[in-house]
Amino acid sequence: MPEKSQELQGELVEEQAEEWRPQASGWLNSTNDSAPQSPKNSPASHLAGLDRTITICVTKGRSVHTAHRLTKPRASIGNVGGGADMRIDDPEVSPMHCAVAITVDGVRLYDLDSANGTYVDEERINKADLESFSTFRIGSTEFVVSIVPNRNLDPGVDEFGHFVGAAT
């Protein structure tokens, strides 16, 4: 009987992974390319994150020193054993607790109807825009967002987009 219960719980986690609430908030995905979106803060394009490296780091809790580099427009965060992209060891965290999405200005954090909530500045949120060094908490686990501009690989252009070199 315990095997059947684990199987049903696994199916529930799979369903949650397929129907992230942020899809209803305008996230583009392979099944709904016509969803409405805000141009400034939509994770509509892979291009939004190509000019920077975005990392979510655990700074407090059982999974301290765990980091997840965002390599796709969105990622979920949840407890170990769930179907999340970033899995943390915290009994107060749901299997699919929250999600982050790359936006033009940084990262948007979404609570996925978790039991214990997602907090920014100790305020429970449904969604919040985060910048570099913003912090958030789920359960007893705290995170910091790191956004670092990628270095320009063109040796003739500095990091501000200006041409460098001697004038002739």
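To be clear, the structure that these remarks concern was listed above.
Residues numbered from 1 in each chain as written. Predicted model: local features only at pLDDT ≥ 70, side-chain atom pairs only at ≥ 80, totals over all residues. Heavy atoms only, no water.

Brief notes about the pattern of salt bridges
Phase 1 of the analysis: Taken as a whole and judged by the stated rule, the model has five salt bridges.
Phase 2 of the analysis: Note that Lys72 is salt-bridged to Asp85, the shortest N-O span being 3.1 Å. Of this pair, Lys72 sits in the loop between strand 2 (67-69) and strand 3 (74-79) while Asp85 sits in the loop between strand 3 and strand 4 (86-88); the two residues are 13 residues apart in sequence, bridging distant segments of the chain.
Phase 3 of the analysis: Given the relative accessible area of 28%, Asp85 is considered partly exposed.
Phase 4 of the analysis: Note that Arg137 is salt-bridged to Glu122, the shortest N-O span being 3.2 Å. Placement of Arg137 in strand 10 (residues 135-138) and of Glu122 in the loop between strand 7 (118-120) and strand 8 (123-125) is noted, with a sequence separation of 15 residues between them. (Salt bridge = Lys/Arg side-chain N within 4 Å of Asp/Glu carboxyl O. Helix = DSSP H or I, 4+ residues; strand = E, 2+ residues; numbered from the N terminus. Buried < 20%, exposed > 50% of the residue type's maximum accessible area, 1.4 Å probe, protein only.)

Quick word on the nonpolar core
Phase 1 of the analysis: If you look at the biggest cluster of nonpolar residues, it comprises 23 residues, and the most contacted ones within it are Ile77, Phe136 and Phe143.
Phase 2 of the analysis: Where this core is concerned, the elements lending two or more residues are strand 1 (52-60), strand 3, strand 4, strand 5 (98-102), strand 6 (107-111), strand 9 (127-130), strand 10 and strand 11 (141-149).
Phase 3 of the analysis: Not counting chain neighbours up to four residues away, the residues in contact with Phe136 comprise Ile56, Ile77, Cys98, Leu109, Tyr119, Val120, Leu130, Thr141, Glu142, Phe143 and Val145. (Core = buried A, V, L, I, M, F, W, Y, C linked by side-chain atoms within 4.5 Å. Contact = heavy atoms within 4.5 Å.)

Comments concerning the pairing of strand 1
Look at any regular strand and the pattern is simple: side chains alternate between the two faces of the sheet.
Phase 1 of the analysis: Two strands pair when backbone bridges link them, and strand 1 and strand 11 are joined in this way by eight bridges, in the antiparallel orientation. Looking at strand 11, one finds that Lys60 is bridged to Glu142.
Phase 2 of the analysis: Linking strand 1 back to strand 2 in an antiparallel pair, the connection comprises six residues, with Gly61 at a positive phi of about 125 degrees. (Pairing = 2+ DSSP bridges.)

As for the packing of aromatic side chains
For any two aromatic rings, the description comes down to two numbers: the centre-to-centre distance and the angle of the planes.
Phase 1 of the analysis: For the structure shown, the criterion picks out one aromatic pair.
Phase 2 of the analysis: With 4.7 Å between their ring centres and 10 degrees between their planes, Phe136 and Phe143 make a pair best called stacked. Comparing Phe136 with Phe143, the two get one shared label, buried.
Phase 3 of the analysis: Positioned over the ring face of Tyr119 is Arg137, at 4.4 Å from the centre of the ring. (Phe/Tyr/Trp six-rings, centres within 6.5 Å; stacked < 30°, edge-to-face > 60°. Lys NZ or Arg CZ within 6 Å of the ring centre and 35° of its normal.)

Some words on the sheet that holds strand 6
Phase 1 of the analysis: Across the sheet, five strands lie side by side as 4-3-5-6-9; this open sheet has mixed pairing. Strands with a single pairing partner mark the edges of an open sheet, and in this sheet they are strand 4 and strand 9. Each strand axis lies, on average, 20 degrees off the axis of its neighbour in the sheet, ignoring direction.
Phase 2 of the analysis: Here strand 3 pairs with strand 5 via four bridges, running antiparallel. By the bridge assignment, Ile77 is partnered in strand 5 with Cys98. (Axes fitted to C-alpha atoms, helices over the stretch in contact; angles between N-to-C directions.)

What to know about the pairing of strand 11
Phase 1 of the analysis: Strand direction decides the pairing type here: strand 10 and strand 11, joined by four bridges, are antiparallel. Counted as the bridge partner of Thr135 is Val144 from strand 11.
Phase 2 of the analysis: Where strand 10 hands over to strand 11, the hairpin turn is made up of two residues, of which Gly139 adopts a positive phi near 60 degrees.

Observations concerning unusual backbone geometry
Phase 1 of the analysis: The phi dihedral of Asp121 is positive, around 55 degrees, even though this residue is not glycine.
Phase 2 of the analysis: Inspection of the secondary structure puts Asp121 in the loop between strand 7 and strand 8.
Phase 3 of the analysis: Its relative accessible area of 68% is what places Asp121 among the exposed residues.
Phase 4 of the analysis: For Glu122, which is not glycine, the phi torsion reads 60 degrees and is therefore positive.

Looking at the environment of Pro91
Phase 1 of the analysis: Along the chain, Pro91 falls in the loop between strand 4 and strand 5.
Phase 2 of the analysis: Judged by relative accessible area, which is 60%, Pro91 ranks as exposed.

Shape descriptors only; they carry no functional weight alone.
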